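# Topology and contacts: notes
Residue strings, one per chain:
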Amino acid sequence: MEPARVFADPAALAEGAAVEIERIVRRAIDNRGRALVALAGGSTPRGLYGRLGAEPWRSRIDWSCLEIFWGDERCVPPTDSASNYAMAKEALLARVPIPERAVHRIDGERAPRRAAALYEEELRRITNLELPRLDLVVLGMGADGHTASLFPGTVALDEEERLVVATEAPAAPRDRVTLTLPMLNAARAVLFLVQGGDKAPALERVLAGGESSEPPPPAARVRPRRGELLWLVDRAATGA
Ligand code: 6PG
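A sheet is described by the order of its strands in space; here 6 strands give the open sequence β1-β9-β8-β5-β2-β3, paired in parallel fashion. With partners counted over all chains shown, the strands left at the sheet margins are β1 (5-7) and β3 (66-70), one partner each. Between one strand axis and the next, the sheet turns by 20° as a mean value, whatever way the strands run. Judged from the 3 bridges that link them, strand β5 (residues 136-139) and strand β8 (residues 189-194) form a sheet pairing that is parallel. Paired with valine 137 across the strands is valine 190, a residue of β8. Contacts from helix α1 (residues 10-32) reach β1, β2 (35-39), β3, β5, β8 and β9 (228-234) within the one sheet, and its direction differs from that of β9 by about 160°.

Spatially, the 3 strands line up as an open sheet ordered β4-β7-β6, and their pairing is antiparallel. The open sheet is flanked by β4 (72-74) and β6 (164-168), the only strands paired with a single partner. Across the sheet, the axes of successive neighbouring strands diverge by a mean angle of 20°, strand direction being ignored. Pairing geometry for β6 and strand β7 (residues 175-179), over 5 bridges, is antiparallel.

So, about α1. Between its first and last C-alpha atoms α1 spans 32 Å; for 23 residues at 1.5 Å apiece the expected length is 33 Å, and the two agree. Looking one or two places after α1, you find glycine 33, whose phi comes out positive at around 85°.

Lining the immediate surroundings of the ligand are 15 residues, of which Ser43, Thr44, Asp72, Ala148 and Lys199 lie closest. Asparagine 84 has a polar side-chain atom sitting 2.9 Å from an oxygen atom of the ligand. Calculation on the ligand without its partners gives an accessible area of 410 Å², and the protein chains cover 87% of this total. Tallied by class, residues from the shell around the ligand come to 2 nonpolar, 9 polar and 4 charged.

Definitions and limits used
- Think of each chain on its own: its residues are numbered from 1, step by step along the sequence as written.
- Local features in this predicted model are restricted to residues of pLDDT 70 or higher, and side-chain atom pairs are both shown and tallied only at a pLDDT of 80 or more, whereas totals for entire chains, interfaces and linings draw on every residue.
- Side-chain measures were taken over the full set of non-hydrogen atoms in the model, leaving aside hydrogen atoms and water.
- Two strands are said to pair when DSSP picks up at least two bridges between them.
- A run of DSSP states H or I qualifies as a helix once it reaches four residues; a run of E qualifies as a strand once it reaches two. Both are numbered from the N-terminal end.
- Angles run from 0 to 180 degrees between N-to-C directions of axes, and those axes are lines fitted to C-alpha atoms, restricted for helices to the stretch in contact.
- Whether two residues are in contact is decided by their heavy atoms: any pair within 4.5 Å suffices.
- One less than the number of residues in a helix, times 1.5 Å, gives the span that helix is expected to have.
- When at least one non-hydrogen atom of a residue lies within 4 Å of a molecule or strand, that residue is treated as near it.
- Here a polar contact is taken to be a pair of N or O atoms separated by no more than 3.5 Å, where protein atoms must pair a possible hydrogen donor with a possible acceptor and residues adjacent in sequence count only if both atoms sit in side chains.
- For accessible areas, the Shrake-Rupley method is used with a probe of radius 1.4 Å. Any residue's cover is judged against the shown protein chains and nothing else.
- Polar here means any residue outside two lists: the nonpolar Ala, Val, Leu, Ile, Met, Phe, Trp, Tyr, Cys and Pro, and the charged Asp, Glu, Lys and Arg; Gly therefore counts as polar.

Functional significance is not addressed by these values, which are geometric in nature.
Structure below.
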């Protein structure tokens, strides 16, 4: 696996991620006329989203050619402060000229299994593919090695058919909807963004590969079959 790229601090990490995202999105638009991008939730990407929503990145990206999705969502209303959609909308989507019809949120206000089924239908409809391939999936990682809402020891990790499932988190908001490993590993590019010393033990396990007798962290199981895998981390996340 490619080594992680280490940045001095969260600001440098956000800038480095913006460079990669612009490159990947431009390649998708050049090749297929549009870029299908799934955003991460949590707190880490907020700095990146703020960068993308400001100059020069706001002007460098052709927002009219993007379709925006999410890697996961908490089962809360879209106006709830815990909503991944609400965070991305405030930090990025409200600041860039992306048409509303191109923003495909997960219906956190619905029953989780219904929201998951509807989202899978939407992914298939928008991509018009039997196995939808996203051009870019931005992911974070928890201190336990989870990513999206794929938590250690959950059945969602073993899903081999469905692209989106309902699952539970160990902490509130417990009900979640998440893309599954088959969906994540079909992506043309996956970009992990990891910052903070609390992530260092999990990051070390992920980057060490399968040397441990324990099951690999969920984040280690995201390895796009035919795509790029980028780990962008800050120095604190390396334990430095
Ligand atoms: C979520 C995210 C989740 C997040 C990690 C890291 O819904 O919370 O999808 O996978 O990326 O928990 O979260 P932080 O960036 O807040 O550390």
